[in-house]
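An overview of the molecular structure
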Amino acid sequence: MAWFSSMSGVLPAVVLVLVVLTGTEASVSPATAESELTSGESGSWSASWDETRRVWAARGSTVVLQCRMGGGRARSQGSGQGSGVPREDWINVTWRRNNVSVDDRRHIVTEAGHLNITKVVKRRGGVTDEGEYRCLVSTPMGVITGPPITLRIATMTKSFVLKPSNVSVVEGESVRLTCQIDSEPPATFTWTLDQQPLPQDDRYATFNSGVLHINGVQRTNAGIYRCLATNSVAGKERHSNGISVTVLERGEGDNYKLPSFLSPKDPVRVVQGENAIIECLATGVPLPTISWQRKLNESAGWEDLKMGVNGVSMIGQGTLVLSNVQNTSSGRYACTAKSYNPSTKREASVSRERELDVLTPPEVTDSPKPVNTLSAKTARLNCSVTGHPTPRVIWYKNGRPVVIKGRIVQSDTNQLLFYNSITADKGMYQCLAINDAGYASSWALVVINSSKNQPEPPQNLNYVVLSSTSVLLTWDAVHPLNGELKAYSVHYVESEGSAMERQEVSLNTSLLLEGLKPNTNYTAFVRAYSNFPSEISESLVFRTAEDVPTDVPAVQLVPLSPTALLVKWSPLAPEQARGTIHGYKILWRKRNHHYYHVQEVLADVHEFQITDLHPGKKYEVQVLAATKAGYPTKSGWPWIQQKMGEPTQDVPFPPEVTLKVLNDTSSDSAGRLAIKVDWEVSSENKVEIEGFWLKYKRQDQTWNEPISFPPTQKSYTITGLEADWYEVQVKAVSANGDGEPTVNVIHTRLPNQSTQFANTTSSIDRLEADSRSQTSVHLSWRVTEGQDGAAYYTVKYQQITHSPNPADATFVRSDTAEIIITGLKPFSTYEFSVRAHESEKTYGPFSHPVQAMTMGNLPSSPEDFMYEPTDASTIRLKWNPPEQLTGTLKKYEILYSLDKQKPLSEWDVHEVEGDATADTVGGLVSNTEYWFRIRGCSAVGCGESTEPLAATIPAILPPDQKAPSSEFYLILCLVTAFFLLTIIGVASMYAVKVRNISSSPRVLACNGNGHINGKRNTQVVKIGQADGQADGDCQEMEVYIPMLTQIPPDFKCPPLDTKGGYPETRMNGMNNPRCNGFVVRNRDHLQAVPHAETKGLSSEESERLVIGASSSNGAMSMSVLPQVYQNHSQEQREAEQGGSEPNHSQSGTLPPSPRHEHNHSGASQTGLANLTNLTTLSTMESDVEMEPEKMMADSVGSQDGSTPYQHNSHHNTSATKTSSPQPPLTTVQ
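Bear in mind that the values here come from a model prediction, so they are computed numbers and not experimental data.

**Thoughts on the overall build of the protein**
Scanning the protein from N- to C-terminus turns up 7 helices and 80 strands. For the protein, the residues scored as buried account for 45% of the 1229 residues in total. Within the protein, counting contacts between residues at least 6 apart in sequence, those at least 24 apart form 67% of the total. Summed over all atoms, the accessible surface of the protein reaches about 63300 Å², with 50% contributed by carbon and sulfur.

Here it is, written out as structure tokens:
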């Protein structure tokens, strides 16, 4: 019954089916008597953006927000009254700001329902009256919300956003000055000239946006211009700096200037019903004239706009004004500036297009209708809206936003759906559509009915977390008073987000929920079903267990020096972490090495510094995150590569560092410890040192901030430490760069009285692990440089598992700096660390661990490894896959080197995809011997490599070694295609010629399409008419009618495919009785048509005429074949079914197999020619000696070899044709 979980709304239907089967009638409780709908249960209002929707107020002022249910455009669907909610139906009015109730001494609701804010505030601490306000009106049917009103504090900045510079202009040209400032509400602008209002002059044009046009500038227009920005609500004014306009005299070269635009070209947006102002200002000498065109859609052409018609006008030089724009006014508008050049006597023009976008307020086209339904059924409320831009729709229930989640869904068409409805869904629902042009709203009442006989909801819902993806739910059994309990439905959904509700059915009091998301909160409830559904149980919230992360952190590598690398990573997203991160593991290795170093850090650490790397080498780094469930179990995470820089001789040597543990004697550090750090620089250092840099950290924690010292200081004491292992780094700094750091590790206290630590205890450096077999790993290490050797070493190792509980560690002793660990598990990862001992009780810390995987079934070496040069610097290598391989290859590694004796880890590596068997290596030097190896790498690791292959590229390749060019293959293909086309053309011409020869005047050829070649006197054969009359209604076109003849309009039969296809599934006398020119009415005998005779034909020719005409493809009808052929065909079929050979006649004659399937569309042209020849009637052929097999050879030969009716018997060329009885034949004139 798991399919119930994926079908919303199906569970109630299933349970209702169970209810119907019981035969019990449903009864509704008296509480649902109010379900009869009355007026006022639905309605709507709409409003556009105006001053009542956006309100600005000064800080400290008083403002009144009016509660108007949509103003004059509101309407009621139920009552037919003129307002959305009649004032007499208002019971109570409350206000909410940003969906939070407003109720304090500063916010007072008046008797009229308006909100009076006595003192508008906006403080830095977050207390503010700004926000979105809505009034909620209580009515007898429910609560309805009014349109949102946005309140903003009036402000204006001190400085102008755009500060124009001074302007110089030639007399007669135009000038555009701008003034812009941030202000709420938008500021109004006025301009002054020389601190005086602008003179009354048609040359000036001002706009509310702070733009000033001066058209055809004269000397009197020169001066200092300033703009004044005023915010009347805030009570503030701002004066701009002066803008100097200088008018220049027109020189000899200024007699003509091409027109150019000064106005912008950005789109213009305006709300429907407002005036649209499309600015256009052009300059030039002489001043150009302006005209306008528009294109309302792409399919329409450009049309000229006439001023003074349909609200179109122009101000200033050419700014277009459209009054009361509608959505039909949207489109592209072109401003064209023209001027006449007296020198060339030609007119010049330039155009600039601007887009006009008219915003239209929302409109609810399909309003929600009142709903009255039974509990557990699906309820729907429509709310289809229009508007530009597309409105956003919000649903409210009794004035509060509906939580769209689980069983309540808002569709793409804004329909609100209640799956498995409950009585608590009852209320007044309202959809509110909002866009930049206004609002629209509509509402309806929803009533969910219940039954007095419904069972009680389940109680004591509990859960048990079984895994990260499964939870067991249990609850107490329900015992209904009336009827028998049928089933329970379990509903659960993710607590966060808007995921769909999932549903399942249970026949008992528990259910296992599977397929859940790890580390995710879910909310669940249960419902019982008898003859009626119960109410839902109390909701239960549970959380699934944590799981390992599904991804790895994003890593960033920052080289600090040739030997140090800083690793940074980002935290995982919650859906990737799948739990609380407990720590990180940093892994690093040399590129293509199969072991790696490991360092674990705490969860709050997001960077780690790797030191003691090899300069100039490539390293790979990976960071893994762990939850309580462990690290990711998946392998194959990407490694981030970084090549270290080359060492430089111009940096200081690493200092020699000694550490000593002391008691911290500072007053506030009682019981704490300290480390005294001393350092010296080698006498061999020749670089001037500018200072030292020291940092330290507690083991497995982050580094403390670095401490800088002058070059003269050589000691420092680290205080306030606890008993633990500490790591200290010191390095020298110079003008050329930082030297390599010296790293020391020390413990600050003895673990017990019997254990002693020497400050000079050796620490382990460069621990390396190398898998030797499926059960062994070779370890090698060295003591840190500058320290004494150790008496012996302790090696600790343990298997790395994906279980939260780590495996037990194993300790072994080694007297040398290497050891082979045996007895390991195949294809398993182990972690190794080593510490050095001066004695049994004097030892250093364990080294940083390394991890290595034991071998599995590694691939054997690839086979048939060979090479060939392709040019003077490139070689092509070929090989075959390994003979022994488990699984698939991930890649091949081609290793090459000039030195055959170098360790394999130092050879250059060229990687190739695992499915390749050849590749090229370039950038080589000719006449130089290279050594090549190749090995395959699977998920287990890289296998054995081939023996070294010596390869040398000659400077000049022999001619036979040069591969043919692509042009050669192209020419070869073209020549081959030409010869093939020539042969096909000659063969086609020959076939046409042979066909024309066979179509002599004495030959009649049935083409199968209603046309017979030849001009001989034709006669129609009518066979099988029981009453002796021709069937004139349901016949195919007769064989002698040309195929292009007009079909009579009273032709009753459906047209037949003249290319061989028929309405019925088969032909040639099998199922489809229609065939060119006659219909076989009875397959057992042929009845002659009266008053018919044959003219000029022998009986043999007459028989063949009937046989040829009986099929469009040369196949003969069983009813017109001689009986001996029919008998032979029957014997042939019986023999094939019985597995025996057919019974041939005594004379050895092998009759043809007359039955076969035919597919005319697949027949070749040659096959059609054969079919034509098969039905050709010619006295020139020796029909008497023709073998029956020959008659059918072409037809049978054209069929697919798999055709079950194909005749496969071998021809007997020595057999003679037997005589055949001739069926009666009658021809009609």
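Now that the structure is up, let's keep going.
**Some details on the environment of P458**
Position of P458 relative to the elements: it lies in the loop between strand 40 (438-449) and strand 41 (462-465). The residues contacting P458, other than those within four sequence positions of it, are W475, D476, V478, Y488, V526, R527, A528, S534, E535 and S537.

**As for the nonpolar core**
Ranked by internal contacts, the top residues of the largest apolar core, which has 25 residues, are L65, C67, M69, W95, I117 and Y133. Those elements giving two or more residues to this core turn out to be strand 2 (54-57), strand 3 (63-65), strand 4 (92-97), strand 7 (115-117), strand 8 (131-139), strand 10 (149-153) and strand 40. With sequence-adjacent residues up to four places away left out, I117 is seen in contact with S61, T62, V63, L65, R106, H107, D129, Y133 and L151. Counting residues in hydrophobic clusters, the runner-up holds 22 residues, among them L193, Y204, Y225 and C227.

**Description of the environment of C335**
Looking at the secondary structure, you find C335 in strand 30 (residues 331-341). Separated by 17 residues in sequence, C335 and G318 place their C-alpha atoms 8.1 Å apart. If we ignore the near neighbours within four places in the chain, the residues touching C335 are F261, C280, I290, S291, W292, V350, S351 and R352.

**Details of the pattern of salt bridges**
Evaluation of the coordinates by the stated rule reveals 26 salt bridges. Here E494 makes a salt bridge to K517, at a shortest N to O gap of 3.2 Å. Taken as a pair, E494 in strand 43 (residues 487-494) and K517 in the loop between strand 45 (510-513) and strand 46 (521-529) lie far apart in primary sequence, 23 residues in all. With relative accessibility at 45%, the residue K517 sits in the partly exposed group. A salt bridge links D815 to R813; the nearest nitrogen and oxygen atoms lie 3.2 Å apart.

**Details of the sheet that holds strand 74 (residues 918-921)**
Read across the open sheet, the 3 strands follow the order 70-71-74; overall the sheet is antiparallel. Here the strands that pair on one side only, and so sit at the sheet edges, are strand 70 (863-871) and strand 74. Between one strand and the next, the sheet's axes are offset by a mean angle of 25°, whatever the strand orientation. With 4 bridges connecting them, strand 71 (residues 874-880) and strand 74 associate as antiparallel partners. Along strand 74, the bridge assignment pairs L877 with D919.

**What to know about the packing of aromatic side chains**
This model, assessed by the stated rule, comprises 19 aromatic pairs. The interplanar angle of 50° and the centroid separation of 5.7 Å between the aromatic rings of Y596 and W639 together place this pair among those described as tilted. With Y596 in strand 51 (residues 595-602) and W639 in the loop between strand 53 (618-626) and strand 54 (640-643), this pair connects stretches of sequence that are 43 residues apart. You can call W639 partly exposed: its relative accessible area is 22%.

**A short note on the pairing of strand 15 (residues 188-193)**
The side chains of a regular strand alternate, first on one face of the sheet and then on the other. Burial along strand 15 is one-sided: the residues F189, W191 and L193 are buried and none of T188, T190 and T192 is. Across 6 bridges, the pairing between strand 15 and strand 19 (residues 223-231) is antiparallel. Looking at the pairing, T190 lines up with L228 of strand 19. Pairing geometry for strand 15 and strand 16 (residues 196-197), over 2 bridges, is antiparallel. Within the sheet, the bridge partner assigned to T192 lies in strand 16 and is P197. Between strand 15 and strand 16, which follow one another and run antiparallel, lie 2 residues, and D194 among them has a positive phi close to 50°.

**Quick notes on a nonpolar patch on the surface**
A contiguous nonpolar surface patch, about 430 Å² in accessible area, is contributed by I971, V975, F978 and F979. Structurally, F979 can be placed in helix 3 (residues 966-998).

**A short note on the confidence of the model for the protein**
Low pLDDT means the predicted coordinates in that region are not meant to be read closely. The predicted model of the protein has a mean per-residue pLDDT of 76, with 72% of residues at 70 or higher. Counted against residues more than four places away or in other chains, residues 1000-1229, with its pLDDT under 50, gives 319 contacts.

**A look at unusual backbone geometry**
Following E184, the chain continues to P185 via a peptide bond in cis, the omega torsion being -5°. With respect to the helices and strands, the residue P185 is situated in the loop between strand 14 (183-184) and strand 15. Between H388 and the following residue, P389, the backbone shows a cis peptide bond with an omega angle of 0°. Within the secondary structure, P389 is located in the loop between strand 34 (384-388) and strand 35 (392-397).

**Description of the sheet that holds strand 41**
Strand order in the open sheet formed by 3 strands is 41-42-45, with antiparallel pairing between adjacent strands. If you trace the sheet from one side to the other, it starts and ends with strand 41 and strand 45, each paired once. Averaged over all adjacent pairs, the angle separating strand axes in this sheet is 20°, with direction ignored. Summarising the sheet, strand 41 and strand 42 (residues 471-474) pair through 4 bridges and their orientation is antiparallel. In the strand pairing of strand 42, V464 is matched with L472.

**Describing the side chain of T627**
With respect to the element layout, T627 can be found in the loop between strand 53 and strand 54. One polar contact links the side chain of T627 to the main-chain carbonyl oxygen of D547, over a distance of 2.8 Å. Not counting residues up to four positions away in its chain, the partners in contact with T627 are E546, D547, V548, P549, A577, R578, G579, T580, I581 and H582.

**Focus: the state of the cysteines**
Simply put, the disulfide is a covalent bond whose two ends are the sulfur atoms of two cysteines. Per the stated rule, a full pass over the model turns up 5 disulfides. A sulfur-sulfur distance of 2.1 Å marks the disulfide that ties C67 to C135. When the S-S torsion is 70°, as for the bridge of C67 with C135, the disulfide is right-handed. Of this pair, C67 sits in the loop between strand 3 and strand 4 while C135 sits in strand 8, and the two are 68 residues apart along the sequence. Each member of the pair, C67 together with C135, is buried. Note on cysteine connectivity: C383 is disulfide-linked to C431, with sulfurs 2.1 Å apart. Here the disulfide of C383 and C431 is right-handed, its torsion about the S-S bond being about 75°. Taken together, the residues span a long stretch of sequence, with C383 in the loop between strand 33 (379-381) and strand 34 and C431 in strand 39 (residues 427-435) at a distance of 48 residues. The residues C383 and C431 share a single accessibility class, namely buried. Disulfide partners in the protein, listed by the sequence order of the bonded cysteines, are 1-2, 3-4, 5-6, 7-8, 9-10.

**Here we look at the environment of A234**
Inspection of the secondary structure assignment puts A234 in the loop between strand 19 and strand 20 (236-239). For the pair A234 and T155, spaced 79 residues apart in sequence, the C-alpha to C-alpha distance is 6.0 Å. Apart from the residues lying within four places of it in its own chain, the contact partners of A234 are A154 and T155.

Conventions we followed
Residues numbered from 1 in each chain as written. Predicted model: local features only at pLDDT ≥ 70, side-chain atom pairs only at ≥ 80, totals over all residues. Heavy atoms only, no water. Helix = DSSP H or I, 4+ residues; strand = E, 2+ residues; numbered from the N terminus. Buried < 20%, exposed > 50% of the residue type's maximum accessible area, 1.4 Å probe, protein only. Contact = heavy atoms within 4.5 Å. Areas by Shrake-Rupley, 256 points an atom, 1.4 Å probe, with all protein chains shown as cover. Core = buried A, V, L, I, M, F, W, Y, C linked by side-chain atoms within 4.5 Å. Salt bridge = Lys/Arg side-chain N within 4 Å of Asp/Glu carboxyl O. Pairing = 2+ DSSP bridges. Axes fitted to C-alpha atoms, helices over the stretch in contact; angles between N-to-C directions. Phe/Tyr/Trp six-rings, centres within 6.5 Å; stacked < 30°, edge-to-face > 60°. Patch = residues over 30% accessible without salt bridge, like charges linked within 9 Å, V, L, I, M, F, W, Y side chains within 5 Å. pLDDT = per-residue confidence, 0-100. Polar contact = N/O pair within 3.5 Å; in protein donor to acceptor, adjacent residues only side chain to side chain. Disulfide = S-S within 2.5 Å.

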